[in-house]
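# Survey of secondary and tertiary structure
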Amino acid sequence: MKTKHWLAYILLGLIWSTSFLWIKIAVQEIGPFTLVAFRVLFGLITAGGAAMLSRSEWPRDRSTWFTYVILGLTSVAIPFFLITWAEQFIDSAIASILNATVPLFTILIAHYGLHDDRMNFFKIIGILTGFAGVVILLSEDLNAGAHNSAIGQAAVVLAAVFYAGSSIYARRKTEHVPGLVRGAALFLSAVAAMWIAAPVLERPFAVPQLPITWVALVWLGAFGSGLALILWYYLLHEIGPTRTSSVTYIFPLGGVILGVLFLQEHLSWQLVVGALFIISGVLVTNWNPRIPPQTTGSGMEN
């Protein structure tokens, strides 16, 4: 990875690690459909505006637009909604940790979807370790009979599956699309879907009144959606889906710290141990030990 890749990687991680906090704040006043509808709208304004200012060429063929219709739903609308809905029942810290399972699912799907990203021993061990971390996180609520919380955690894991699958699909189908448009075009179907669904499925559908909710929505839309997806798709095509998805390493650290400090969320042993297992699993899956070169002749090193 070059310096520009690391800068984009770190910036993306910092932006998305704060998103769980802002979701938790906004969902106190408005429902998940309304929140996501405003979020993707601000995301479209930000990403679409950047693409227009850069004078990037937008796709003209039906096949590419069909791809972006699918990506708008599977990589934006659906996972955004699942995580937002889940944070009505679970802490933002737990959501950030569970979202760190994205690389584990990415590696699983990439094995079958990409020819250059196959499974190996370390990836299998890493996946098992990561899922052990998910089980540890779920164990506290399952033992306590907190079914809503357990379902909420499962919703975040399902969102991670959508993120992973969408990354592989986007890598295969959007290579020919100009950079900024890659992160902007998918918002069109996401905005259409959420603004149709929100007034119909969420009652009451109301415009937020609290200033802090608007701050959360603008942050989630402009930075956590528009800028974040421009960075995500830039990295996706520069360094590949497995490395790009590993940006979620940063989420648990930022999510847990912000949740405990600003939302007074509970810091349990299951949260700490589960986070360590998930992060360890992701690190192991991406470990690629170098094999030292064979020596010849006397075997003595120069």
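Residues numbered from 1 in each chain as written. Predicted model: local features only at pLDDT ≥ 70, side-chain atom pairs only at ≥ 80, totals over all residues. Heavy atoms only, no water.

What follows deals with the overall build of the protein. For the protein, the count of helices and strands is 13 helices and 0 strands. Each helix and strand of the protein, ordered N terminal to C terminal, gives the series α-α-α-α-α-α-α-α-α-α-α-α-α. Of the contacts formed within the protein by residues at least 6 apart in sequence, a portion of 87% connects residues at least 24 apart. Accessible area of the protein: about 14,300 Å², with a carbon and sulfur share of 67%. (Helix = DSSP H or I, 4+ residues; strand = E, 2+ residues; numbered from the N terminus. Contact = heavy atoms within 4.5 Å. Areas by Shrake-Rupley, 256 points an atom, 1.4 Å probe, with all protein chains shown as cover.)

Along the chain, Tyr112 turns up in helix α5 (residues 102-113). The spatial distance from the C-alpha of Tyr112 to the C-alpha of Ile168 is 9.8 Å, given a sequence separation of 56 residues.

Moving on, we come to empty space enclosed by the protein. A full pass over the atoms with the stated rule returns 2 cavities of 30 Å³ or more. Put simply, the largest cavity is a space of about 170 Å³. Along the wall of the largest cavity there are 13 residues; nearest its centre are Trp16, Phe20, Ile83, Asn99 and Tyr163. Elements that contribute at least two residues to the lining of the largest cavity include exactly α1 (3-26) and α3 (62-86). Residue contributions to the lining of the largest cavity peak at 4 residues, all from α1. Taken together, the residues that form the lining of the largest cavity break down as 9 nonpolar, 3 polar and 1 charged. The computed volume of the second largest cavity comes to approximately 50 Å³. Residue lining of the second largest cavity: Trp16, Ser75, Tyr163, Ser166, Ser167, Leu229, Trp232 and Tyr233, and that is the complete set. At the level of secondary structure, the elements contributing two or more residues to the lining of the second largest cavity comprise α7 (147-173) and α10 (211-239). (1 Å grid on protein atoms, 1.4 Å probe; cavity = no way out; pocket = protein on both sides within 12 Å on 5 of 7 lines; lining within 4 Å. Points joined across faces, edges and corners; volume = space filled by probe spheres on them. Nonpolar A, V, L, I, M, F, W, Y, C, P; charged D, E, K, R; others polar.)

Let us look at the confidence of the model for the protein. Predicted coordinates in regions of low pLDDT should not be interpreted in detail. Scored by pLDDT, the protein comes out at a mean of 83, with 86% of its residues at no less than 70. This model gives residues 291-302 a pLDDT under 50, and the stretch forms 0 contacts once residues within four places in sequence are excluded. (pLDDT = per-residue confidence, 0-100.)

Quick look at the pattern of salt bridges now. Close approach of charged atoms allows side chains with opposite charge to pair. Tallied over the entire structure, the rule returns 1 salt bridge. Between Arg171 and Glu175 there is a salt bridge whose closest N-O contact spans 3.9 Å. On the accessibility criterion, Arg171 (23% relative accessible area) is partly exposed. (Salt bridge = Lys/Arg side-chain N within 4 Å of Asp/Glu carboxyl O. Buried < 20%, exposed > 50% of the residue type's maximum accessible area, 1.4 Å probe, protein only.)

Quick look at the environment of Glu175 now. Structurally, Glu175 is set in the loop between α7 and α8 (179-182). Taking the C-alpha atoms as reference points, Glu175 and Leu236, separated by 61 residues in sequence, lie 9.6 Å from one another. Contact partners of Glu175, with chain neighbours within four places excluded, come to Ala170, Arg182 and His237. Within polar-contact distance, the side chain of Glu175 engages the side chain of His237 at 3.0 Å. (Polar contact = N/O pair within 3.5 Å; in protein donor to acceptor, adjacent residues only side chain to side chain.)

In this section: unusual backbone geometry. Here the residue pair Arg203 and Pro204 is connected by a cis peptide bond, since its omega of 0 degrees sits within 30 degrees of zero. Within the fold, Pro204 resides in the loop between α9 (186-201) and α10. Within the chain, Arg55 stands out as a residue other than glycine whose phi angle is a positive 60 degrees. Along the chain, Arg55 turns up in the loop between α2 (32-53) and α3. Assessed through its relative accessible area of 78%, Arg55 is described here as exposed.

As for its placement among the helices and strands, Thr244 is situated in helix α11 (residues 241-245). Here Leu235 takes part through its backbone oxygen, which lies 3.1 Å from a polar atom of the side chain of Thr244. Excluding its chain neighbours within four sequence positions, the residues that come into contact with Thr244 are Tyr9, Trp232, Leu235, Leu236 and Ile239.

For the pair α1 and α10, the least separation of the axes is 8 Å and the interaxial angle reads 150 degrees. With respect to α10, the axis of α1 lies roughly antiparallel. Crossing hand, α1 versus α10: left-handed. (Axes fitted to C-alpha atoms, helices over the stretch in contact; angles between N-to-C directions. Parallel < 35°, antiparallel > 145°, perpendicular 65-115°, else oblique. Left-handed = near helix turned anticlockwise from the far one by under 90°.)

The next point concerns α1. If you check α1, its first and last C-alpha atoms are 35 Å apart, about what 24 residues at 1.5 Å a residue would give, namely 34 Å. Helix geometry: α1 is bent most strongly at Phe20, by close to 25 degrees. (Expected span 1.5 Å × (residues − 1). Bend = angle between axes of the 7 residues up to and from the residue.)

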